[in-house]
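Coordinates in review
Next come the chains, spelled out residue by residue.
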There are 2 protein chains.
Amino acid sequence: MPLPQTEAPGRLQAELMSRGLRMTHQRRTILSVVETAKQHLDASQILRRARKLDPQVDRVTVYRTLKLLKRHGLVDELDLMHMQGEKHFYERRPQRDHIHMACLRCGKITEFESDLFDRLKGQIQRDCQFHIVVTRLEIGGYCAQCRSASKQ
Amino acid sequence: MPLPQTEAPGRLQAELMSRGLRMTHQRRTILSVVETAKQHLDASQILRRARKLDPQVDRVTVYRTLKLLKRHGLVDELDLMHMQGEKHFYERRPQRDHIHMACLRCGKITEFESDLFDRLKGQIQRDCQFHIVVTRLEIGGYCAQCRSASKQ
DNA sequence: TTCCTGTTGATATCGAGTTGCAATTATAGC
DNA sequence: GCTATAATTGCAACTCGATATCAACAGGAA
């Protein structure tokens, strides 16, 4: 019995299709996982979730699909300061770049947008004649909660 | 015949000793490699250079020493946008944080300091109540040379 | 010089990611 | 709706950076 294909195509899927890429069942599954993720997932987490939807999906296909999405600028790859080994995390590329802050004590990841960051990128493009394609600003430190907790 | 131990101890070595850490021959060798590096080196390059000074130095000791230096905030670990596989690169932590720009075409790494970056960090500390320990801003794109080369 | 503890090296191992290749399948053209 | 074909997939073996274990060793305080 075929799975119900009633859900809306999703932005990632529409993007890939408009670029003339084949839309396989596996890709649809992986894209839906990435698209609906509410946190930063690594490749093995994406695989696990994809397998729940379609047990046939292979590790290799996840890696290949992530590489494809990255190459097309549809997802960003994060390291999150290597706080969890050498894992890489993925998120849909947002409209506006943001900064990732990782608390070295509790591990919480916070996101932050800033005009200053946008201006900094503008300065770099101008002063260095460097055409920016992708940025990654990750900050390690201690979040407000952990700071006040350690003061007591 | 013992190697001449006449060279000045070096800042890294002095730092580690002042923190009460044992100064072994291997550590001295690895520190001198890191300290005199004129480019960003990965672990295997550091090993190769260390072995030229002391063929006894083991891979494992290089990894352990780098981890130690990182933990003490004496070196920074860079990914350089993963342009060369999963290698990590190391550099002595500078007085003032800088940005790394990686050209996606020629691979050149450029460094850049900016008041805006310093102000951005200040904003984050203030607005997010986040105590910054380490930052990493890496930018991928196309350098001036490659941009003008591709226009012809 | 001695002793104790931190450090090292050899080996095995881990885990993320990749490669080669035969089998499968999406899709364009009829 | 078929068919052809080129892209995609799954499997297995593999690469490579990094880590764990543990016995042997050595820095440095007393």
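The structure reproduced in this document is the subject of the present report. (Residues numbered from 1 in each chain as written. Chains lettered and ligands numbered in written order. Predicted model: local features only at pLDDT ≥ 70, side-chain atom pairs only at ≥ 80, totals over all residues. Heavy atoms only, no water.)

We now examine the overall build of chain A. Along its length, chain A carries six helices and six strands. Mapped from its N terminus to its C terminus, chain A presents α and β elements in the order α-α-β-α-α-β-β-β-β-α-β-α. Projecting the C-alpha coordinates of chain A onto the three principal axes gives extents of approximately 60 × 45 × 25 Å. Here chain A, with 152 residues, has 42% of them falling under the buried criterion. Put simply, 46% of the contacts in chain A that link residues at least 6 apart link residues at least 24 apart. Only carbon and sulfur atoms are counted for the fraction: they give 49% of the accessible area of chain A, which is about 8,900 Å². Measuring between centres, the 27 positive side-chain charges of chain A sit 3 Å from its 18 negative side-chain charges. (Helix = DSSP H or I, 4+ residues; strand = E, 2+ residues; numbered from the N terminus. Buried < 20%, exposed > 50% of the residue type's maximum accessible area, 1.4 Å probe, protein only. Contact = heavy atoms within 4.5 Å. Areas by Shrake-Rupley, 256 points an atom, 1.4 Å probe, with all protein chains shown as cover. Lys, Arg positive; Asp, Glu negative; His and termini not counted. Charge placed at Lys NZ, Arg CZ, Asp CG, Glu CD.)

One copy of the chain maps onto the other through a rotation about an axis plus a displacement along that axis. With an axial shift of 0.0 Å and an RMSD of 0.1 Å, the rotation relating chain A to chain B amounts to 180 degrees. Interpreted geometrically, this transformation is the action of a two-fold axis. Looking at the rotation axis and the C-alpha trace of chain A, the residue lying nearest is Leu 137 of chain A, at 2.1 Å. An overlap of 100% is found between the interface residues of chain A and their copies at the interface of chain B, pointing to a shared contact surface. (Least-squares fit on C-alpha atoms with pLDDT ≥ 70 in both.)

Attention now moves to empty space enclosed by the protein. In this approach a probe as big as a water molecule rolls over the atoms, and the regions it shows empty are the leftover space. Residues and elements named next belong to chain B. One pass over the full model with this rule turns up one cavity of 30 Å³ or more. Looking at the largest cavity, its volume works out to about 70 Å³. Considering the residues around the largest cavity, the lining is formed by Asp 76, Leu 78, Glu 91, Pro 94, Asp 97, His 98, His 100, Thr 135, Arg 136 and Leu 137. Of all elements in the fold, only β2 (75-78) and β6 (131-142) reach the threshold of two or more residues within the lining of the largest cavity. Both domain 1 (1-93) and domain 2 (96-152) contribute no fewer than three residues apiece to the lining of the largest cavity. (1 Å grid on protein atoms, 1.4 Å probe; cavity = no way out; pocket = protein on both sides within 12 Å on 5 of 7 lines; lining within 4 Å. Points joined across faces, edges and corners; volume = space filled by probe spheres on them. Domains from an automatic or database assignment.)

Residue and element names in this part refer to chain A. In this fold, Gln 125 is placed in helix α5 (residues 115-127). A relative accessible area of 33% places Gln 125 in the partly exposed class. Along the chain, Gln 125 and Gln 39 lie 86 residues apart, while their C-alpha atoms are 31 Å from each other.

All names here are of chain B. Sheet architecture is open: three strands sit in the order β1-β3-β2, paired in antiparallel fashion. Only two strands of the sheet have a single neighbouring strand rather than two, namely β1 (41-42) and β2. Bridge analysis of β1 against strand β3 (residues 89-92) gives two bridges, and the strand direction is antiparallel. Of the residues in β3, the one forming a bridge with Asp 42 is Phe 89. (Pairing = 2+ DSSP bridges.)

Another point: the protein's contact with DNA strand C. In the region of DNA strand C, 23 residues are neighbours, and Met 23 of chain A together with Arg 22, Gln 26, Thr 61 and Arg 64 of chain B sit closest. For DNA strand C, a base oxygen lies 3.3 Å from a polar atom in the side chain of Arg 59 of chain A. Between DNA strand C and Gln 26 of chain B there is a distance of 2.7 Å, counted from a sugar or linking oxygen to a side-chain nitrogen or oxygen. Looking at the surface near DNA strand C, the elements with two or more residues in it are α4 (59-71) of chain A together with α2 (25-36) and α4 (59-71) of chain B. (Near = heavy atom within 4 Å. Polar contact = N/O pair within 3.5 Å; in protein donor to acceptor, adjacent residues only side chain to side chain.)

What follows deals with the packing of aromatic side chains. Applying the stated criterion across every chain yields a total of zero aromatic pairs over all chains. Sitting over the ring of Phe 117 of chain A, Lys 121 of chain A keeps its end group 5.3 Å from the ring centre. (Phe/Tyr/Trp six-rings, centres within 6.5 Å; stacked < 30°, edge-to-face > 60°. Lys NZ or Arg CZ within 6 Å of the ring centre and 35° of its normal.)

On to the interface of chain A and chain B, then. Taken together, the contacts link 38 residues of chain A with 38 residues of chain B. Interface area, chain A with chain B, both sides summed: about 3,400 Å², of which 68% is carbon and sulfur. Across the contact surface, chain A and chain B share zero salt bridges. Linking chain A with chain B are 21 residue pairs in polar contact (both at pLDDT 80 or more). (Buried area = accessible area lost by both parts, 1.4 Å probe. Salt bridge = Lys/Arg side-chain N within 4 Å of Asp/Glu carboxyl O.)

What follows covers helix α1 (residues 11-18) of chain B. Structural remark: α-helix, 3.6 residues per turn; residues separated by three or four positions point the same way. Residues and elements named next belong to chain B. Listed in full, the buried residues belonging to α1 are Leu 12, Gln 13 and Leu 16. With its buried residues spanning 95 degrees around the axis, α1 presents them on a single face. Looking at the buried residues of α1, the elements they touch are α2, α4 and β3. Of the residues flanking the end of α1, it is Gly 20, one or two places downstream, whose phi is positive at about 80 degrees. (Arc of directions from axis to C-beta.)

So, on to the sheet that holds strand β4 (residues 99-103) of chain B. Here we have six strands laid out as an open sheet, ordered β5(A)-β4(A)-β6(A)-β6(B)-β4(B)-β5(B), and mixed in their pairing. The sheet terminates laterally at β5 (109-112) of chain A together with β5 (109-112) of chain B, the two strands that pair on one side only. Each strand axis lies, on average, 20 degrees off the axis of its neighbour in the sheet, ignoring direction. Contacts from α5 of chain A reach β4 (99-103) and β6 (131-142) of chain A together with β4, β5 and β6 of chain B, with the element oriented near 135 degrees to β6 of chain A. Across the sheet, helix α5 (residues 115-127) of chain B lies against β4, β5 and β6 of chain A together with β4 and β6 of chain B, angled at about 135 degrees from β6 of chain B, the strand it touches most. (Axes fitted to C-alpha atoms, helices over the stretch in contact; angles between N-to-C directions.)

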